[in-house]
Structures are given as C-alpha cells and as structure tokens.
There are 2 protein chains.
Amino acid sequence: MASKTLHLGAFMRPVSIHTGAWRYPGAQPDANFNFPQLKHLAQTLEHACFDAFFMADHLAVLNMPVRALQRSHTVTSFEPFTLLSALAAVTERIGLVATASTTFDEPYHVARRFASLDHLSNGRAGWNIVTTANPDAALNFGYTEQIDHDARYVRAREFFDVVTGLWDSFADDAFLRDVESGIYFDPARMHVLDHHGPALDVRGPLNIARPIQGWPVVVQAGSSEPGRQLAAETAEVVFAAEPDLAAGQRLYADIKGRMRQIGRDPSHLKILPAAFVLVGETLAEAQAKRAHLDSLVHYDSGIASLNGMLGHDVSGYDPDGPLPEIPETNASKSARARIVEMAARDRLSIRTLAARAGSYSGLAFVGTARSIADEMEAWLLGEASDGFNIMFPWVPGGLVEFVEQVVPELQRRGLFRRAYEGTTLRDHLGLPRPANRFFA
Amino acid sequence: MASKTLHLGAFMRPVSIHTGAWRYPGAQPDANFNFPQLKHLAQTLEHACFDAFFMADHLAVLNMPVRALQRSHTVTSFEPFTLLSALAAVTERIGLVATASTTFDEPYHVARRFASLDHLSNGRAGWNIVTTANPDAALNFGYTEQIDHDARYVRAREFFDVVTGLWDSFADDAFLRDVESGIYFDPARMHVLDHHGPALDVRGPLNIARPIQGWPVVVQAGSSEPGRQLAAETAEVVFAAEPDLAAGQRLYADIKGRMRQIGRDPSHLKILPAAFVLVGETLAEAQAKRAHLDSLVHYDSGIASLNGMLGHDVSGYDPDGPLPEIPETNASKSARARIVEMAARDRLSIRTLAARAGSYSGLAFVGTARSIADEMEAWLLGEASDGFNIMFPWVPGGLVEFVEQVVPELQRRGLFRRAYEGTTLRDHLGLPRPANRFFA
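Residues numbered from 1 in each chain as written. Chains lettered and ligands numbered in written order. Predicted model: local features only at pLDDT ≥ 70, side-chain atom pairs only at ≥ 80, totals over all residues. Heavy atoms only, no water.

Turning to the overall build of chain A, a few remarks are in order. Regarding its fold elements, chain A presents 15 helices and 14 strands. With the C-alpha coordinates of chain A rotated into their principal frame, the extents come out at 75 × 55 × 45 Å. Counting over 440 residues, chain A shows a buried share of 63%. Residue pairs in contact within chain A that sit at least 24 positions apart in sequence constitute 77% of those at least 6 positions apart. Accessible area of chain A: about 15500 Å², with a carbon and sulfur share of 50%. One finds the centroid of the 41 positive side-chain charges in chain A at a distance of 2 Å from the centroid of its 51 negative side-chain charges. (Helix = DSSP H or I, 4+ residues; strand = E, 2+ residues; numbered from the N terminus. Buried < 20%, exposed > 50% of the residue type's maximum accessible area, 1.4 Å probe, protein only. Contact = heavy atoms within 4.5 Å. Areas by Shrake-Rupley, 256 points an atom, 1.4 Å probe, with all protein chains shown as cover. Lys, Arg positive; Asp, Glu negative; His and termini not counted. Charge placed at Lys NZ, Arg CZ, Asp CG, Glu CD.)

Following this line, the structure appears as structure tokens:
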C-alpha cells in the first residue's frame, strides 16, 4: 500500500443525489425506498471494502413547489436508524453513518440510538451531526419559524457535549454479571451526568452500556464558518466539498489548522468531500452519460433546486437573464456562495444555473477509471482530502461501475484496501478510540 | 381449529420480567443485551408462530436505590427501534411491537419511525403507546418534575391523532414512478395535515409512504381509568393483566363495553394480558422451579420493586409489619391497587410483599403444559382474554420450554395456529386495515 491511502464512504440517501437518477436507463426507479435493493447495494459496497454507508436525512418533505416536488425520488425514504439497523443485521464490516439533528431532537434519544446501533453492529456506527436548516422541518416540530443559523450552532455544541457525556455514563468494565453474588454491574463505574446548560438540562445516566467504539464516529458537513469551527472542535469526518482542487486544499488547510490551534491532532479528523463520480470507458462516453442524465431533469425541478440552494425565489426573473442580487438568508451559506460565484465567473443565465442546480452542481469526477483515480490521487497527495464520500449517478448501474472499475484501479495503485484490516468504523478510518472522560 | 383461537405475543424487554432470571441455572446472564441471542430467540418464537415480539421500554435507568439497581439485568438494553429493525432483517413473519412515549417524543419522529419499521418489515410493526410515568425520565428531557397523570393522557390522545394523521399523508396509490413522464408521485394524493391543537402543532406531510398496514397496530396497557378509555377509543391490542379470571372478565367486559358505547366493533381490539408462564413436568416441579427463581431475588431488589410499584418508599417501616396507608401518587395506579389489595386480602407483611414484588407479583400460570393450556383455554372461552403476552421466567430455557411444551398442547386443542396464514401483524391478529381518513 502507498503511505497515504484513501477512505471511501458511499453517500446513500438519496441513493443518487442526481434528480434524474431514477429515470436513467437500467436504474431502479424505487431504489431509494426498496429494502432488498438497499441491502444488495450495502453488501456490494462492503464487498468493495468501503469504509461506510452514509445516510443523509431530512425532517420534512422538501420545501419545493409541487411542480418540482412531484418529480423528486426522495419524497419517500426510510428513517436512518431503522434502515441502518436493518442493514447492520445483514452486513459484517461496513460502517453505518446516520444523520441526527441537534435542532429537533433530544440528546438522550440521540445518544441512546447511536449507542444501540453501535452495539448491534459491533462498533460500526457514525453520527452525522446536522443543525436542520429546512424551514418546513421547523413546522413539523411546533415552531412557527426557522431557528437562526448561529443559535442552531450554539445548541449543537452543547448537544454534542451532552451526547458524548451520556455515552460515557458507564465505564467499559462496568458490567460484571456475577451470577454468584447477584451483582449485575458496579455502581461505582456508573456516572450521573447531571448537565445544566443554557439550552439543555439532562440528568442521565444513559440506559445502555458505553458504545463498542467508545463514541460512534462523529461526522459533520463543516462548510460554513461556525460549521468549520464546530468540526475542528468535535468532528472526526468532514464531508464538505469544494468544487476544485485548489479550493479543496484551502478548506483542508483551514480545518486542520483550526485543529492545531486548539491542540487537536489533525490526523484525528478525515476530510472526505462528497463527490459525484460517473465512470465511462472513455471520457467522451462518460460525458455523454452525464449529458443524458442531466437531460432527464425537468426545468421545473431545476429552478426549484436553484431556489432551494439560494434560499431565495428567482423564478419570477427572466430565465435567460443574469442572477439578481441574492440577500442573506438562513439557507446553507456554502451552497448559496457556490452558485453566486459560478454565476459571476461563467456569466451563466438563470436557465443554465437551474439546469446545473437541478442535475447536481458540486464536485464531480466524470471520466474513465484511470482519470478518476488520477484526480482522487491528486486530491489525496495534494492534501485536499483524505478520501471521498461517493455520490453515484444512478443505481444499481452507476454504483456497480464504480465498484468494478474505479475501486480495482485504486487498489492497483495501492491507494485503497483490498480487505478490511479491523472490525469497527474507527478501525477503517484509523481513528483512536476516545477515552471515557469520567473513568480511567 | 376451534372457533375461538389464542393470540400470543412474547414480552421481550426485559427478556424476563423476573429480577432473578439472569442468575437461573442455564440462563444467559447478558441475554437482555446480546443481539445474536435475541435474534435466536426471535427466530425461535417465529418458528412457533407467535403473533409478535414485544419490546417494553424505559427512558431512564430505573429509579431505584443503588443497592437494588446494581442487581438489575435491565440497566443496559437496546433501544426498541434499532433492535426491532435489526430483527426485521432476520425474520419473515413475526410482528414487531415497539414502545414509544407520547410524553417525551415528537409525533413526527414517532410516526416516521413506525412507518419506516412497517415498510422494512413488510407490514409487521406495532406501536405500544405509553405515557411515561418514571420521574427520572422527566429529568432526562429537561423537566424538573414529572408531568401529571391526567395531563399525560390528554397529550397522548392528541399525539395519537397527529401520528395517525401523518401516517395518512399519502394515499396508498400516490407513488406512480412514471419514468416516461418523469412524475414520481401524484401531488393530489398527498395530504398536508396542518394540525394545530392544545398540545401540538404539526404541519406534515410525513416524508414516507403510507405504512404497509395502513397504520401499524396500536397497542396499549389500558389499565388505569383514562388508560381504559384511551384504549377503547384507539387501541387494537391491550395487555393489561388482572391477577385472576374473574377480574380478567370484568376488565374484558369493561373495555369491550366502552367500545360498543362509542360505536367501535369489539372484535377490533384484542385483549392479551401479560402473563408470566413457567412450565414443568409436574405441578410440583413447576412450583419448585418458581421457588428457586424467587430465591435468586435479593431483599434489596424486592423492597425497591415494592417501593416502585407503590410509588411510595416503605423501606423505613418494620419489614415484618403490615403495609401502611399509601397516598395517591403519579405511579401506575393499577400496580399500586394490586399490591394494596393483595396485602389486605392475604394479610401479608412488607417482607413478603417485597419478595413478591421483586420476583413478579402479577398474573402467572405455573404448572404443566396441560394445566397451563387449561387455564389459557378458560380465559379465552370465558371472555377474559383473546390470548396472552407471555413473559418467560428466564431465557433461553424458560422460553424454549414454553415453545416445545405449551405451544404443541395448544395446537393439539386447535387453540393456536400451526402456520402463519398471512404476512402482516394485522393478518396474524385478525385486525382490519384502517382506511385513509383523507383518501378513498
């Protein structure tokens, strides 16, 4: 193996980020909501030695106009914990990353579910921490308006402290189960958290043993300013994706630099950008496949995606004119910035931006197995990433092509494992097991 | 088959209600928290054609003194949705009943998880609605004191309306997935709930298709006065257990009478009392086994259980004296009433009551396969129950003895199925699939 190797996650909710994916020839239209198919995909990814199966999440039917919504293959999806727990029972090694919101859930529930998934999977759970931005989600949880971006991050930081504190409720050796004396556990090895903070009051202890991994692996997007700081302080995997190598290097240096400043070892966080990867026999074939895929996205979906990314409705403007000035909103700051930058740089019309937004506008590797491996190697060796979270163009075909063509090319170069060396997600990622803050 | 037949659930959290279970010769001390073992038990129950695998739940480490707590095999347990989803992937037919609290959870989360479990299991989910009474649970969710008993039931009723309304967000035929036109679902077949009530504001729609069963099966304890009324209005399975046949008949008549009064078909609710069942080759052997099991419960555990059931600390009174007057509390009213009645009727000391409370003081069938089948048949034909939720004395032995000895005896009498006739939990229980309130 090379001295530096890639980590690969599979970004599996939706099974393809691409709005046209379910219509592609050979695609399974219902793959996003078909358990036998998802089981087969997870087993295929495990056979290819992927680090993790990653479930994004939304706490609402996405807020887009009905004329776009009716075309979305994400409107019905499994809830992450139920799906990943079912997959835990039919896989052996692949990591299982679930998304849970710090804005609309309780730390006791979140800590408990991840601990339970980690035990059920024998140490394969990861927590993608999100601070839900979708205003429609707020309406599903009794709020009349969205919670402010900065306030969400303040609660997220406290929420993280409470969840990790609850995971440490029991020492690893607390459970004696001494049949003779009748002592099931040592109460001196149980800690009552008794947390009282600005946003949360949680007594504890958690009613489940410490997770196999100590803590499930902590995952974050980490793209906005408070997001990057939260990631530097708490994350072990970041999946923010810059659109090119140079921007990727800046993000990588920024987050790892923030870690050094607060005394964290930079190797204890892996930057695995979400990347759309489409492979063909030739570059021309790959580009033709992407063009076909993009052509399956209706304009109604494109403009809705664009509005969503901007956090602002531009459908009233001339489709063939330029993008107007976009005000600050509660939408994801990185998505808005990326679109505004792309529009200015390439002088794109709203119509063209809508096509890109609706098809997928972020980091993409479209080419042959060799050219894709070249790009991944350049990102890895150029310190722009430690690997990638792969978004497949459609399933099963696009996933199978990646596994059968790109993975062997990476393995030939010594850039990716041919077999799992450990059993836990931490083992796969080369992350240390956290010490218990309350017990030696 | 006889014209009336039994339904059998397995009450599996904890794997045995009996505090001494984990110490019994041949028992697996960690069975409550051992996934391979729980998988084996679920598959054994499915082979015996049980209707359902039932997970009780607690949202805290149980509030008992440490000297009792350290002897409890329930202090570490899987979270119900993660465990049942994992079991869904390794079973085919048995129903999967999870407990979820209306007091400390959000209806959007609860509706979504049950819908997801129902889809993953192809129609085998059930929801045990509880209104969490444990004051230590309140402290884990930001409350400084327990919420009043009646207020919990008011919220529970509204919570039920919201959850079932969210399950009806999509018509059964909403998802078209028309590759040609690019229409994934028909927006005219999606309903926005837009609920605004005294306790809850929830917009909807739910981001998952309508459950396979329409609604997962609705399960309740249904023992207290508001609990019985809520059950008559909303439940499809009740597991409240009276200690003898005559009391069981009164409860059965009461709940089914309440149903008739509000125009519900009494056959649309199955009363399946939780029953502790211990089988031996002879009555004497069975009684000796129970005595052995009871002897494994330490006095410290017994007095703690007694205090918990009374909702009142009686450990300061003379252990060999009578039970003092017990004030009204927020504890489960049925448990307190049962103990107080038992104490008065049999003139039992606190010490004896503690031994019963700590070992298990409710409905029990202890005898031979034939005597147990006789009792079950008497309850069924005497209109005291429609079956039982079985609590095993220990596992795996106590469960295996029930499956190998009592089930065949019930089958010989035509009182229990030899094979599943349908695929869903509703099929097993003979319950109708609810109509969608918003769509024909």
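By the definition in use, this model includes 56 salt bridges over all chains. Where Asp136(A) meets Arg203(B), a salt bridge forms, and the shortest distance between an N and an O atom there is 3.7 Å. Of this pair, Asp136(A) sits in helix 5 (residues 135–139) while Arg203(B) sits in the loop between strand 8 (201–202) and strand 9 (217–220), placing the two residues on different chains. The exposure class of Arg203(B) is partly exposed, given its relative accessible area of 28%. (Salt bridge = Lys/Arg side-chain N within 4 Å of Asp/Glu carboxyl O.)

This part is about the relation of the copies chain A and chain B. Copies of the same chain, two in number, are related to each other by a rotation about an axis and a translation along it. Mapping chain A onto chain B calls for a rotation angle of 180° and an axial translation of 0.0 Å; the resulting RMSD is 0.0 Å. Overall, the copies show the geometry of a two-fold rotation axis. If distances are taken from each C-alpha of chain A to the rotation axis, the shortest is found for Ala86(A), at 2.0 Å. An overlap of 100% is found between the interface residues of chain A and their copies at the interface of chain B, pointing to a shared contact surface. (Least-squares fit on C-alpha atoms with pLDDT ≥ 70 in both.)

Residues and elements named next belong to chain A. Under the criterion given, the structure shown has 53 aromatic pairs over all chains. Judged by centre distance (5.9 Å) and plane angle (40°), the ring pair of Phe 175 and Phe 185 falls under tilted. Of this pair, Phe 175 sits in strand 5 (residues 175–178) while Phe 185 is found in strand 6 (residues 183–185), placing the two residues 10 residues apart along the sequence. Across the pair, Phe 185 and Phe 175 agree in class, each one buried. Three or more aromatic residues link up through ring pairs in this structure, and these residues are Phe 81, Phe 114, Trp 127, Phe 159, Phe 160, Trp 167 and Trp 215. In this arrangement the basic side chain of Arg 351 is found over the ring face of Tyr 299, its NZ or CZ atom lying 5.6 Å from the centre. (Phe/Tyr/Trp six-rings, centres within 6.5 Å; stacked < 30°, edge-to-face > 60°. Lys NZ or Arg CZ within 6 Å of the ring centre and 35° of its normal.)

Turning our eyes to something else, we now look at helix 10 (residues 299–310) of chain A. Residues and elements named next belong to chain A. Taking 1.5 Å of rise per residue, the 12 residues of helix 10 would be expected to cover 16 Å, and the 16 Å separating its terminal C-alpha atoms lies within 8% of that figure. Of all 12 residues in helix 10, 10 are buried; the element is thus mostly enclosed. Within helix 10, the full set of buried residues consists of Asp 300, Ser 301, Gly 302, Ile 303, Ala 304, Ser 305, Leu 306, Asn 307, Met 309 and Leu 310. Contacts made by the buried residues of helix 10 are with helix 2 (66–69), helix 11 (333–346) and helix 12 (350–359). Gly 311, located one to two residues past helix 10, shows a positive phi value of around 65°. (Expected span 1.5 Å × (residues − 1).)

For the rest of this paragraph, the subject is the pairing of strand 2 (residues 52–55) of chain B. Residues and elements named next belong to chain B. Burial along strand 2 is two-sided: the face carrying Ala 52 and Phe 54 and the face carrying Phe 53 and Met 55 are both buried. Assessed by its sense of winding, the connection that carries the chain from strand 1 (residues 7–11) through helix 1 (residues 35–47) to strand 2 is right-handed. Examined bridge by bridge, strand 2 and strand 3 (residues 95–101) share four bridges and lie parallel to one another. Counted as the bridge partner of Met 55 is Ala 98 from strand 3. (Right-handed = clockwise from strand over helix to strand, strands pointing away. Pairing = 2+ DSSP bridges.)

Remark on secondary structure: sheet strands pair via backbone hydrogen bonds, oriented parallel or antiparallel. Residues and elements named next belong to chain B. With parallel pairing, 10 strands are arranged side by side in an open sheet as 11-10-9-4-3-2-1-14-12-13. Edge positions in the sheet fall to strand 11 (270–271) and strand 13 (364–367), since each has one partner strand and no second. Here three bridges tie strand 4 (residues 125–130) to strand 9, and the two strands are oriented parallel to one another. Looking across to strand 9, one finds that Asn 128 is bridged to Val 219. The strands touched by helix 13 (residues 369–381) are strand 12 (274–279), strand 13 and strand 14 (387–391); relative to strand 13, the strand with the most contacts, the crossing angle is about 150°. (Axes fitted to C-alpha atoms, helices over the stretch in contact; angles between N-to-C directions.)

A few words now on the sheet that holds strand 14 (residues 387–391) of chain A. All names here are of chain A. In spatial order, the strands read 11-10-9-4-3-2-1-14-12-13; together these 10 strands make up an open sheet with parallel pairing. For this open sheet the edge positions go to strand 11 (270–271) and strand 13 (364–367), each flanked by a neighbour on one side alone. Relative to strand 2 (residues 52–55), strand 1 (residues 7–11) runs parallel, the two being bridged by three bridges. Within strand 2, the residue paired with Phe 11 across the bridge is Phe 54.

All names here are of chain A. Look at the UniProt record and you will see "binding site: FMN" (unreviewed entry) annotated at Asp 57, Thr 99, His 149, Tyr 153, Ser 223 and Ser 224. Along the polypeptide, Thr 99 turns up in strand 3 (residues 95–101). By relative accessible area, which is 4% here, Thr 99 ends up buried. Filtering out sequence-adjacent residues up to four positions away, Thr 99 remains in contact with Phe 54, Met 55, Ala 56, Asp 57, Pro 80, Phe 81, Asn 128 and Val 130. A polar side-chain atom of Thr 99 sits 2.5 Å from the main-chain carbonyl oxygen of Met 55. Summarising the element assignment, Tyr 153 is placed in helix 6 (residues 149–167). Classification of Tyr 153 by relative accessible area gives buried; the value is 18%. Aside from chain neighbours lying at most four places away, what touches Tyr 153 is Thr 131, Ser 224, Pro 226, Gly 227 and Leu 230. (UniProt positions renumbered as here; feature names shortened; annotations may be inferred. Polar contact = N/O pair within 3.5 Å; in protein donor to acceptor, adjacent residues only side chain to side chain.)

What follows deals with unusual backbone geometry. Residue and element names in this part refer to chain A. A cis amide bond links Arg 13 with the next residue in sequence, Pro 14, at an omega value of -5°. Position of Pro 14 relative to the elements: it lies in the loop between strand 1 and helix 1 (35–47). Residue Pro 205 is bonded to the preceding Gly 204 through a cis peptide linkage, with omega at -5°. Looking at the element boundaries, Pro 205 is found in the loop between strand 8 (201–202) and strand 9 (217–220). Unlike most non-glycine residues, Cys 49 shows phi in positive territory, near 65°. With respect to the helices and strands, Cys 49 occurs in the loop between helix 1 and strand 2.

We now examine the interface of chain A and chain B. You'll often see interface size given as the accessible area lost when the parts meet. With 69 residues of chain A in contact, the opposing surface of chain B contributes 69 residues. Carbon and sulfur atoms make up 62% of the surface buried where chain A meets chain B, a total of about 6200 Å² over both sides. Remark: the boundary between chain A and chain B carries seven salt bridges. We note a salt bridge from Arg112(A) to Asp57(B), for which the minimum N-O separation is 2.5 Å. Between the two partners, chain A and chain B, sit 32 residue pairs in polar contact (both at pLDDT 80 or more). Every element with two or more residues in the side of chain A that touches chain B is listed here: helix 2, helix 3 (80–88), helix 4 (107–120), helix 5, strand 5, strand 6 and strand 8 of chain A. Among the elements that take part in the side of chain A that touches chain B, helix 4 of chain A stands out by supplying eight residues, more than any other. Residue composition of the side of chain A that touches chain B, by class: 36 nonpolar, 17 polar and 16 charged. (Buried area = accessible area lost by both parts, 1.4 Å probe. Nonpolar A, V, L, I, M, F, W, Y, C, P; charged D, E, K, R; others polar.)

Let us now look at the environment of Arg113(B). As for its position among the elements, Arg113(B) is in helix 4 (residues 107–120). Measuring from C-alpha to C-alpha, the distance between Arg113(B) and Trp379(B) comes to 35 Å, with 266 residues separating the pair along the chain. Discounting residues that sit within four places of it in the chain, Arg113(B) has contacts with Glu79(A), Thr82(A), Asp105(A), Arg113(A), Phe81(B) and Asp105(B).

What follows is about helix 8 (residues 245–261) of chain B. All names here are of chain B. Its 17 residues place the ends of helix 8 24 Å apart at the C-alpha level, agreeing with the 24 Å of an ideal helix rising 1.5 Å per residue. Looking at helix 8, one finds that the buried residues are Ala 247, Gly 248, Leu 251, Tyr 252, Ile 255, Lys 256, Arg 258 and Met 259. Summarising the axial view, the buried residues of helix 8 lie within an arc of 155°, below the 170-degree limit, and thus occupy one face. Those residues of helix 8 that are exposed and aimed more than 90 degrees away from the buried face are Arg 250, Arg 260 and Gln 261. Where the residues of helix 8 are buried, they touch helix 7 (225–234), strand 10 (237–238), strand 11 and helix 13. Where helix 8 begins, the capping side chain belongs to Asp 244, and its oxygen is found 3.2 Å from the backbone nitrogen of Ala 246. (Arc of directions from axis to C-beta.)

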